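Overview (structure and organization)
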Amino acid sequence: YQRRVRGSDKFEKVAYDLTMALKAATGGFMMTSAPSNRLSQLVEYGIRYEEVNEETETHSKKLEMGMNLGPGLDLEYDTEDMNSSPTMVQYETAYVTSHKAPCRVACFTSDGKLCATGSVDASLKIMDVERMISKSQQLQRQENENHPVIRTLYDHLDSVTALTFHPVTTHLVSGAKDCTVKVFDFTKPNVKKAVKCLEEGAAIRSIAFHSTGDYMLMGMDHPIIRLYDYETLKCFVSSNNHAQHTLPVSAICWNTDCTMYASCSMDGSIKLWDGVSSRCIKTFSEAHSGAEVTSIQFSRNGKYVLSSGKDSVVKLWEVTSGNVLNEYVGVTQQSHRTGAMFNHTEDLIIAPDEKGMAVGCWDARTAEPHPQLVTGHNNVIRTVQHSPYSALIPLLCTLH
């Protein structure tokens with residue numbers, strides 16, 4: 001069966017001619033009219049229902065996983081005994097892999113089943129999280145068939161500096177110092193090159209997708225934020241140039257319902273933007289005492305923004321008032337854009353420590369420091385990424 005247009009399988013004339021021929025041959029005994037297209041309509045309706053049902057099931061699974069994580073961070077109602085997550089010192093190494101050169105960026109899929117890394121050697125790796133867990137537990141029997149690294153991709157000409165999975169399709173999107181954004185379809189095992197390429201005028205620093213996957217935000221070695229239509233690659237920017245950053249954008253992210261996005265910059269500021277009009281609605285100037293702000297992340301409820309800067313301080317901001325609610329200190333972040341983030345339940349804040357090659361950890365509500373995680377890395381950890389739904393493989397560290 002070929003895919004058909006509504007109400008037709010494109011073979012009515014053939015059916016009619018056959019019916020007339022059969023009617024003539026039998027004297028009209030076997031059939032008196034041409035067959036209806038009812039069957040093709042039913043098949044079409046079935047296919048459409050199946051597609052809608054699959055989308056609904058996927059959405060329901062995401063909602064169920066989100067509910068299993070708990071309410072997330074909310075300082076208005078939280079109490080100090082709500083933390084149920086394991087501390088960093090309880091985490092164990094599950095799997096180790098490497099690129100040919102230092103690894104700079106990493107990300108997880110929204111369901112936490114896959115993760116990816118990007119390197120200075122311009123390569124990308126995609127890994128299966130379940131296989132990594134099995135590898136650590138020595139449950140794998142067929143090494144070659146069940147290797148955790150399921151794809152290695154090459155198409156950039158310089159260091160990979162931004163990386164994210166598309167929220168709907170099977171695409172991995174990367175940005176690099178070669179001023180290009182590459183789209184890879186990781187369902188094609190024999191294709192190592194990008195299926196789509198976007199050329200920009202500056203090195204790419206950060207990429208973030210709207211939850212529908214229709215729009216892509218981009219921060220670059222340039223003060224102006226770009227918003228792209230993912231299908232057409234048509235570019236949009238804010239109509240007010242004076243509201244833009246004055247130095248290159250370090251990082252960018254959407255809130256959960258995509259009504260707002262946030263950006264941070266080398267100019268030391270954090271900006272909040274309307275998710276529809278791209279109008280700047282709030283600016284936190286000198287957010288980290290004038291130092292470069294290196295990372296930004298919304299809490300799940302959208303009430304708070306977590307930032308880190310080269311002043312070695314991680315801060316929790318209230319979106320509505322612009323006030324700093326908590327400061328998390330105790331790690332050194334002065335030379336690299338190492339960043340900070342929530343764990344999967346938002347009970348903990350984690351951030352790399354440049355001096356100790358370790359990962360700092362704090363209680364998100366009280367800012368009380370926890371013992372650091374000693375990772376075994378022999379050089380500066382450039383980024384930490386936490387699985388969005390699990391503490392089984394919660395940590396993905398990349399090296400300088």
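The rules behind these values
Residues numbered from 1 in each chain as written. Predicted model: local features only at pLDDT ≥ 70, side-chain atom pairs only at ≥ 80, totals over all residues. Heavy atoms only, no water. Core = buried A, V, L, I, M, F, W, Y, C linked by side-chain atoms within 4.5 Å. Buried < 20%, exposed > 50% of the residue type's maximum accessible area, 1.4 Å probe, protein only. Helix = DSSP H or I, 4+ residues; strand = E, 2+ residues; numbered from the N terminus. Contact = heavy atoms within 4.5 Å. Pairing = 2+ DSSP bridges. Axes fitted to C-alpha atoms, helices over the stretch in contact; angles between N-to-C directions. pLDDT = per-residue confidence, 0-100. Salt bridge = Lys/Arg side-chain N within 4 Å of Asp/Glu carboxyl O. Polar contact = N/O pair within 3.5 Å; in protein donor to acceptor, adjacent residues only side chain to side chain.

This part is about the nonpolar core. Counting residues in hydrophobic clusters, the biggest one holds 15 residues, and the most contacted among them are Ile-270, Leu-272, Ile-296, Phe-298 and Val-305. Within the residue set of this core, elements represented by two or more residues are β13 (249-254), β14 (260-265), β15 (270-274) and β17 (293-298). Setting aside its immediate chain neighbours within four residues, Phe-298 contacts Cys-253, Trp-254, Asn-255, Met-260, Tyr-261, Ala-262, Leu-272, Tyr-304, Val-305, Val-319 and Phe-342.

Strands sit in the order β17-β18-β19-β20 across an open sheet of four strands; the sheet is antiparallel. Both outer strands of the open sheet, β17 and β20 (324-329), are each paired with one neighbouring strand and no more. Neighbour to neighbour, the strand axes of the sheet diverge by 20 degrees on average, direction disregarded. The pairing of strand β18 (residues 304-309) with strand β19 (residues 313-318) spans five bridges and is antiparallel.

Let us now look at the confidence of the model for the chain. When pLDDT is averaged across the chain, the result is 83; 80% of the residues are at 70 or more. Per-residue pLDDT stays below 50 along residues 1-7; that stretch engages in 16 contacts with residues further than four places along the chain or on separate chains.

Our focus in this paragraph is the pattern of salt bridges. One pass over the structure, following the stated rule, counts 11 salt bridges. Arg-226 is the partner of Glu-200 in a salt bridge, and the nearest nitrogen-oxygen pair spans 3.8 Å. Of the two residues, Glu-200 sits in the loop between β8 (196-199) and β9 (204-209) while Arg-226 sits in strand β11 (residues 222-229), which places them 26 residues apart along the sequence. Since its relative accessible area comes to 15%, Glu-200 is described here as buried. Overall, the relative accessible area of 16% leaves Arg-226 in the buried class. Residue Glu-292 is joined to Arg-205 by a salt bridge in which the shortest nitrogen-to-oxygen separation is 4.0 Å. Residue Glu-292 is found in the loop between β16 (280-284) and β17, and its partner Arg-205 is found in strand β9; the two are separated by 87 residues along the sequence. Using a relative accessible area of 8% as the deciding quantity, one classes Glu-292 as buried. On the basis of relative accessibility, which here comes to 15%, the residue Arg-205 falls in the buried class. Connected through salt bridges with shared partners, the residues Arg-205, Asp-221, Glu-292, Lys-310 and Arg-337 form a single ionic network.

Hydrogen bonds between backbone atoms are what pair the strands of a sheet, whose relative direction is either parallel or antiparallel. Strand order in this open sheet of four strands is β9-β10-β11-β12, and the pairing throughout is antiparallel. Looking at which strands have only one partner, the edges of the open sheet turn out to be β9 and β12 (235-236). Pairing of β9 with strand β10 (residues 215-220) involves five bridges; the strand directions are antiparallel. When the sheet's bridge partners are listed, Phe-209 is paired in β10 with Met-216.

This part covers the environment of Lys-192. With respect to the secondary-structure elements, Lys-192 resides in the loop between β7 (180-185) and β8. On the basis of relative accessibility, which here comes to 40%, the residue Lys-192 falls in the partly exposed class. Spatially, the C-alpha atom of Lys-192 lies 7.4 Å from that of Asp-155, the residues being 37 residues apart in sequence. For Lys-192, the residues in contact, after removing those within four places along its chain, are Thr-152, Leu-153, Tyr-154 and Phe-184. Side-chain polar atoms of Lys-192 contact the backbone oxygen of Thr-152, separated by 3.4 Å.

With respect to the secondary-structure elements, His-171 resides in strand β6 (residues 171-176). A polar atom in the side chain of His-171 sits 2.8 Å from the side chain of Tyr-230. Contacts of His-171, omitting those with residues within four sequence positions, involve Phe-165, His-166, Val-183, Phe-184, Asp-185, Phe-186 and Tyr-230.

Moving on to the pairing of β13. Burial analysis of β13 places six of its six residues in the buried class, which makes it a mostly covered element. Taking the residues that link successive antiparallel strands as the turn, the β13-β14 hairpin has five residues, and the phi of Cys-258 there is positive, at about 60 degrees.

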